[in-house]
Amino acid sequence: GTARHVPGAAPGQRRGLDGLPGRLLGEARADGHLREAAFVHDGTVSLLFPGLLVATFHTERRECELFPDPGADPDLVRRLVASAVLATWMIITDIPVLHASAVQVGDEALVFVGRSGSGKSTIAAALVGAGATAISDDVCRLSQRSGRWLCHPDAGQLRLRDGSHSLATMFDGDEVAATSDRLTLFLPTAEAPVPVAGIVIPRITPGAPGFAPLRLRGTRAVVSLMEHPRMASLMGDELSPSLFRFASSLVAAVPTWELVLPRTTVTPRLGAELLEEVARMLAGR
């Protein structure tokens with residue numbers, strides 16, 4: 001498909017939330033404020049990011065129109081396009097995608113799935129610092145080939161939240177860029193799609209004595225995975241059949257774990273400890 005940038009005010013900003021055409025599919029709010037909303041109208045799906053961007057997807061034409069707000073931070077708009085907008089387009093067009101960060105360990109990929117703030121980028125950065133290779137962050141595109149699931153590399157950036165900045169000591173200074181609320185690591189990535197060895201859903205749990213992996217199977221694995229296709233929560237029930245088929249096919253072929261982690265200070269040692277833990281998990285496949 002193609003993306004077309006339409007300069008000027010976004011429709012949602014000119015007309016307000018109720019002015020966007022179509023039926024509301026879903027919305028996400030934080031602290032009482034609207035963060036994201038999705039609408040469907042005459043075969044198109046629109047995503048509204050108040051004060052930032054409206055993205056309208058024309059599935060029949062395989063085209064996406066972008067309407068940035070004139071006052072929006074260009075860097076924030078670019079991030080939205082590279083993450084939420086791209087991932088939603090993949091979901092709408094039935095391209096398998098997860099809200100996940102992935103790394104290569106040996107010849108295989110480990111995919112860490114979770115919502116924003118779940119620790120997936122921190123875990124990926126810690127593993128890269130301990131010797132793994134980065135594959136993707138936030139938007140993880142998958143495909144099937146010869147009966148195997150493959151993870152596709154992206155642009156080679158990992159963005160860390162507050163509390164994870166000590167991990168930057170594991171990397172050279174020219175690989176690290178600080179922003180107001182994040183630390184971005186610019187890393188070499190895998191050069192080709194990597195076979196997926198396992199899916200891991202991290203659960204950071206205060207008071208947990210240590211790492212505690214739990215193998216998920218059958219319905220439980222499918223339901224857990226369906227919680228995390230990127231942006232799917234905004235799409236209501238519109239995409240449930242395709243998401244169910246994707247999740248069912250993936251967990252049937254790829255081992256899936258929930259991994260409890262204690263809420264501790266993030267240090268470079270975390271990477272080595274995680275590497276040992278995932279090696280044990282994979283050995284028990």
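As the structure is a prediction and not an experimental result, all values here were calculated from the model. (Residues numbered from 1 in each chain as written. Predicted model: local features only at pLDDT ≥ 70, side-chain atom pairs only at ≥ 80, totals over all residues. Heavy atoms only, no water.)

Undergrad: Help me out: how do you make sense of the overall build of the chain in this one?
TA: Check the secondary structure of the chain and you find 6 helices and 17 strands. The buried share of the chain, reckoned over its 285 residues, is 50%. If you take every contact in the chain between residues at least 6 apart in sequence, the share linking residues at least 24 apart comes to 66%. (Helix = DSSP H or I, 4+ residues; strand = E, 2+ residues; numbered from the N terminus. Buried < 20%, exposed > 50% of the residue type's maximum accessible area, 1.4 Å probe, protein only. Contact = heavy atoms within 4.5 Å.)

Undergrad: Would you explain the pairing of strand β11 (residues 148-151) in this entry?
TA: One face of the sheet, then the other: side chains in a regular strand alternate in exactly this way. Alignment of strand β10 (residues 139-145) against β11, held across 4 bridges, turns out to be antiparallel. When the bridges of β11 are listed, L142 appears paired with C151. Between β10 and β11, which pair antiparallel in sequence order, lie 2 residues; one of them, S146, sits at a positive phi of approximately 50 degrees. Strand direction decides the pairing type here: β11 and strand β15 (residues 194-205), joined by 2 bridges, are antiparallel. By the bridge assignment, C151 is partnered in β15 with V194. (Pairing = 2+ DSSP bridges.)

Undergrad: Quick question: what am I supposed to make of the nonpolar core here?
TA: Within soluble globular proteins, side chains that are nonpolar generally end up buried alongside one another. Counting residues in hydrophobic clusters, the biggest one holds 26 residues, and the most contacted among them are V103, F112, L127, L158 and L274. Elements represented by at least two residues in this core include exactly β8 (108-113), α3 (120-129), β12 (157-160), β14 (183-186), β15, β17 (256-262) and α6 (269-283). Ranked by residues supplied to this core, first place goes to α3 with 6 residues. If sequence neighbours within four positions are ignored, V103 has contacts with E108, A109, L110, F112, A124, L127, V128, A132, T133 and I135. If you look at the next biggest cluster of nonpolar residues, it comprises 25 residues, including W149, F246, A247 and V254. (Core = buried A, V, L, I, M, F, W, Y, C linked by side-chain atoms within 4.5 Å.)

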